[in-house]
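Chain residues, written in single-letter form:
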Amino acid sequence: MTANRKSLADRCRGIELLVLDTDGVLTAGGIAYGDNGLELKTFHVRDGSAIKSWHRGGKQSAIISGRTSNALEKRTRELDIAHLVQGADDKLRAYRQLLNRLGLRADQACVVGDDSADVPVLCDCGLAIAVADACPEALSAAHYITRAGGGQGAVREVIGLLLGCQRP
Ligand SMILES: [Mg+2]
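The structure contained in this document is the topic of the report that follows. Just so you know, these numbers come straight off a predicted model, no measurement behind them.

Each value, and the rule that gives it
- Residues numbered from 1 in each chain as written.
- Predicted model: local features only at pLDDT ≥ 70, side-chain atom pairs only at ≥ 80, totals over all residues.
- Heavy atoms only, no water.
- Helix = DSSP H or I, 4+ residues; strand = E, 2+ residues; numbered from the N terminus.
- Expected span 1.5 Å × (residues − 1).
- Buried < 20%, exposed > 50% of the residue type's maximum accessible area, 1.4 Å probe, protein only.
- Contact = heavy atoms within 4.5 Å.
- Salt bridge = Lys/Arg side-chain N within 4 Å of Asp/Glu carboxyl O.
- Pairing = 2+ DSSP bridges.

### Some details on helix H7 (residues 154-166)
With 13 residues, H7 ought to run about 18 Å at 1.5 Å a step, and its terminal C-alpha atoms sit 19 Å apart, in line with that. Of all the positions in H7, only Ala-154, Val-155, Glu-157, Val-158, Ile-159, Leu-161, Leu-162, Cys-165 and Gln-166 are classed as buried. Looking at the buried positions of H7, the neighbouring elements they touch are helix H1 (8-13), strand E1 (17-20), helix H2 (45-56), strand E6 (109-113), strand E7 (127-130) and strand E8 (144-145).

### So, the pattern of salt bridges
Counted according to the given criterion, the structure contains 12 salt bridges. Linking Asp-10 and Arg-13 is a salt bridge whose minimum nitrogen-to-oxygen distance equals 2.7 Å. Taken together, the positions of Asp-10 and Arg-13, both in helix H1 and three residues apart, correspond to about one turn of that helix. The salt bridge involving Asp-124 is made with Arg-96; its shortest N-O contact spans 3.2 Å. With Asp-124 in the loop between helix H5 (119-122) and E7 and Arg-96 in helix H4 (residues 91-102), this residue pair connects regions lying 28 residues apart in the sequence. Judged by its relative accessible area of 23%, Asp-124 is partly exposed. The network of salt bridges with common partners includes Asp-23, Glu-39, Lys-41 and Arg-67.

### What to know about the pairing of E6
Where burial is concerned, most of E6 is hidden: five out of the five residues are buried. Taking every second residue as pointing to the same face, both faces of E6 are buried, with Ala-109, Val-111 and Gly-113 on one and Cys-110 and Val-112 on the other. Here four bridges tie E1 to E6, and the two strands are oriented parallel to one another. When the sheet's bridge partners are listed, Leu-20 is paired in E6 with Val-112. Two strands pair when backbone bridges link them, and E6 and E7 are joined in this way by four bridges, in the parallel orientation. Across the sheet, residue Val-112 finds its bridge partner in E7, namely Ile-129.

What follows is the structure, given as structure tokens:
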């Protein structure tokens, strides 16, 4: 069986690392600015609990974001996400460096994205997932499209899919 003919379940079974985009995946994509210049983001609480159960199973997660914000740093700490790359101009480079550092192969990574900046990373991983309201380029690069939109529980849906396929 060639790599690109792998079934969705086969792709899910090998995943050790979940790589998430932030804006439009962990959030609905809106960015609010306070008077003091603070950037505010809204995260979905059920995505958070799902990420914690993913970690409890001994799996890892990472966030690679093109932007930089204190809100994201706080959320990452709260969820014990070990790997956070902010201000990534080149997401593919950041992703490859991360895989290298963790000693993982691309087919062990599931990447969730919504925008064109995510496409090179989606095209270089074992399981590429786009959220329901992703841009057309991300949707076409995906092996799987969530029913939920970004910030609406899409990450919980992804983790449910992965854990469902990985159950012994
Ligand atoms: Mg995004």
